Amino acid sequence: MSGSSAALQPPADAVKPVRHPDAPAPGELLGAHYGGCFGCGGDQPHGLHLEARAGEGVRITAEFTVQAAHQGAPGLAHGGVLATALDETLGSLNWLLRTVAVTGRLETDFLRPVPVGTTLHLEAEVVAVAGRKIYSTATGRVGGPDGPVAVRADALFVEVKIDHFAQHGRPQEIRAAMEDPDQMRRARAFEVNP
Ligand SMILES: CCCCCCCCCCCC(=O)SCCNC(=O)CCNC(=O)[C@H](O)C(C)(C)COP(=O)(O)OP(=O)(O)OC[C@H]1O[C@@H](n2cnc3c(N)ncnc32)[C@H](O)[C@@H]1OP(=O)(O)O
């Protein structure tokens, strides 16, 4: 049984999402948006190290292999970690819109247990945009990209200015990110709009 709440139904004035002309090409590996990110960053020893690729249209695919550090019950992935994998994949859609947006709401269905060692094959898509609100959906499959769905989510991301992070983040991490030329290059890629 699944289905999203009224808060995640796009309003009547919502429009179809538009892939940005400078979005990464289909098949391109996106790389981490921030090395310290628990979802995609390479600097987090127990992070998910999720790898996302641009798809066609406004779609993303990603893979994440469940490690022992991600357990909830013995030998099984923690639900919060699986929600993180969905959230991170949905967040990667930002690259295709070239919009900076954060998760406002995430509704998750857990359909099958996911054992440690499993690779979760994720797919996400933007379904509608209404002003700053971005409506999207994601699935995570096991046993291969066409395997059964183990987890799914619907989400609302809300567009923010890049200053959102400088305003709310802890100063020491913000300072370090601003001093890192690679990080600034990635941040600028998000900032450019048509
Ligand atoms: C360097 C590269 C970085 C790139 C960064 C990429 C990061 C991706 C990482 C993965 C994703 C994450 O984990 S992101 C981290 C987790 N999320 C967060 O920390 C977000 C915390 N929340 C917030 O900062 C705020 O609540 C916002 C920004 C979401 C919204 O605040 P706001 O800007 O004041 O806007 P507000 O007026 O409240 O809302 C705008 C519209 O959205 C609707 N709205 C807002 N929240 C909700 C909600 N939960 N459910 C339904 N609807 C909502 C409002 O009704 C309104 O609709 P209407 O009246 O216009 O119709």
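What you see is a predicted model; the values in this text were computed from it and never measured. (Residues numbered from 1 in each chain as written. Predicted model: local features only at pLDDT ≥ 70, side-chain atom pairs only at ≥ 80, totals over all residues.)

Draft legend 1. Representation of the pairing of strand β6 (residues 149-159) within the structure. By the criterion of burial, β6 is predominantly enclosed, with eight of the 11 residues buried. Here strand β3 (residues 101-110) pairs with β6 via nine bridges, running antiparallel. Looking at β6, one finds that Asp 109 is bridged to Arg 152. Two elements, strand β5 (residues 133-141) and β6, share nine bridges in a ladder whose sense is antiparallel. Counterpart to Ser 136 in the pairing with β6 is Ala 155. (Buried ≥ 20, exposed ≤ 12 C-beta atoms within 10 Å, placed from the backbone. Helix = DSSP H or I, 4+ residues; strand = E, 2+ residues; numbered from the N terminus. Pairing = 2+ DSSP bridges.)

Draft legend 2. Structural view of the environment of His 121. Along the chain, His 121 falls in strand β4 (residues 119-130). With 26 residues separating them in the primary sequence, His 121 and Gly 147 have C-alpha atoms 8.5 Å apart. Discounting residues that sit within four places of it in the chain, His 121 has contacts with Glu 63, Gly 140, Arg 141, Gly 144, Pro 145 and Gly 147. (Contact = placed C-beta atoms within 7 Å.)

Draft legend 3. Fine view of helix α1 (residues 79-92). Between the first and last C-alpha of α1 there are 20 Å, a value that for 14 residues agrees with the 20 Å anticipated at 1.5 Å per step. Within α1, burial applies to Val 81, Leu 82, Thr 84, Ala 85, Leu 86, Asp 87, Glu 88, Thr 89, Leu 90, Gly 91 and Ser 92. (Expected span 1.5 Å × (residues − 1).)

Draft legend 4. Looking closely at the UniProt feature "domain: Thioesterase" (unreviewed entry) in the chain. Here, UniProt's "domain: Thioesterase" (unreviewed entry) annotation points to residues 75-136. In this annotation, residues 75-136 is assigned 29% helix and 42% strand; the end-to-end C-alpha distance for the span is 30 Å. (UniProt positions renumbered as here; feature names shortened; annotations may be inferred.)

Draft legend 5. Region of the structure containing the pairing of β5. Bridge count for β4 against β5 is nine bridges, and the pairing is antiparallel. Along β5, the bridge assignment pairs Ala 124 with Ala 138. In sequence, β4 turns back onto β5 through a hairpin of two residues, with Gly 131 there showing a positive phi of about 60°.

Draft legend 6. Structural detail: the site of the ligand. Near the ligand lie 22 residues; those nearest to it are Gly 91, Val 102, Gly 104, Arg 105 and Val 158. Counting residues per element, the ones that place at least two in the shell around the ligand are α1, β3, β6 and α5 (181-191). At four residues, β3 tops the list of elements feeding residues into the shell around the ligand. Residues belonging to the shell around the ligand are distributed by class as follows: nine nonpolar, seven polar and six charged. (Near = placed C-beta within 6 Å. Nonpolar A, V, L, I, M, F, W, Y, C, P; charged D, E, K, R; others polar.)

Draft legend 7. Just the environment of Gly 147, in detail. Assignment of secondary structure puts Gly 147 in the loop between β5 and β6. A sequence separation of 75 residues divides Gly 147 from Gly 72, and the C-alpha atoms of the two residues are 23 Å apart. Residues within four places of Gly 147 in sequence aside, it is in contact with His 121, Arg 141 and Val 142.

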